[in-house]
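Residues per chain, in single letters:
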Amino acid sequence: SNTAAGYTTLGGKFQFAAVAGAVTDYALFGFTVPAGSKFLCEGVTIHAYNTVVAVATTATVLEWAMGFNSSAVSLATANIVRRQVGVQTFPVGATVGATATPLDINFVTPEVVESGRFLHVILNVPIGTATATEVFRGTVTVKGRYI
């Protein structure tokens, strides 16, 4: 969903059934920085792999971004600062266990997320076919520290 986070942690493991390609940004992770703290986000590492069945009719493209300092979990919030971090692709025929090229991003200028604000890991799938038996899994490691 773009209005509710799939996971409310600061990164971790994820899993989702293949979705049809669309322009929708999904709030895969939406983490609230605890009151009295600030989080300095220095980058992100993302790994993804295919499970259950091979990619059949259409390649699947995963576009990743980060969102900073939103006042709500919804990606429709006007004050969110977005930063693109990369693209991963699963071609037609990608077998069970096939991995996408990992993304390992270090921000030259880290982003500060203020107390009570959200840090998002955003996923967009512009190309793909909705297939309930095609499941993508992976991990997101947010690099950073509390300041």
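This report concerns the structure included in the present document. (Residues numbered from 1 in each chain as written. Predicted model: local features only at pLDDT ≥ 70, side-chain atom pairs only at ≥ 80, totals over all residues. Heavy atoms only, no water.)

**Describing the sheet that holds strand 4 (residues 60–70)**
For step 1, the next point in the chain: Strand order in the open sheet made by the four strands is 2-7-4-5, with antiparallel pairing throughout. Where the open sheet ends on each side, the last strands, each with one partner, are strand 2 (25–32) and strand 5 (81–90). If you compare each strand with its neighbour and ignore which way they point, the axes differ by 20° on average.
For step 2, the next point in the chain: With seven bridges joining them, strand 2 and strand 7 (residues 118–127) adopt antiparallel strand pairing. (Pairing = 2+ DSSP bridges. Helix = DSSP H or I, 4+ residues; strand = E, 2+ residues; numbered from the N terminus. Axes fitted to C-alpha atoms, helices over the stretch in contact; angles between N-to-C directions.)

**Examining the pairing of strand 7**
A regular strand places its side chains so that they alternate between the two faces of the sheet.
For step 1, the next point in the chain: In terms of burial, strand 7 is a largely internal element, eight of the ten residues being buried.
For step 2, the next point in the chain: In the sheet, strand 4 pairs with strand 7 via eight bridges, with the strands oriented antiparallel. Looking across to strand 7, one finds that Gly 67 is bridged to His 120. (Buried < 20%, exposed > 50% of the residue type's maximum accessible area, 1.4 Å probe, protein only.)

**Comments concerning the side chain of Ser 70**
For step 1, the next point in the chain: Secondary-structure assignment places Ser 70 in strand 4.
For step 2, the next point in the chain: On the basis of relative accessibility, which here comes to 0%, the residue Ser 70 falls in the buried class.
For step 3, the next point in the chain: Those residues in contact with Ser 70, other than ones at most four positions away along the chain, are Thr 77, Asn 79, Ile 80, Arg 117, Phe 118 and His 120. (Contact = heavy atoms within 4.5 Å.)

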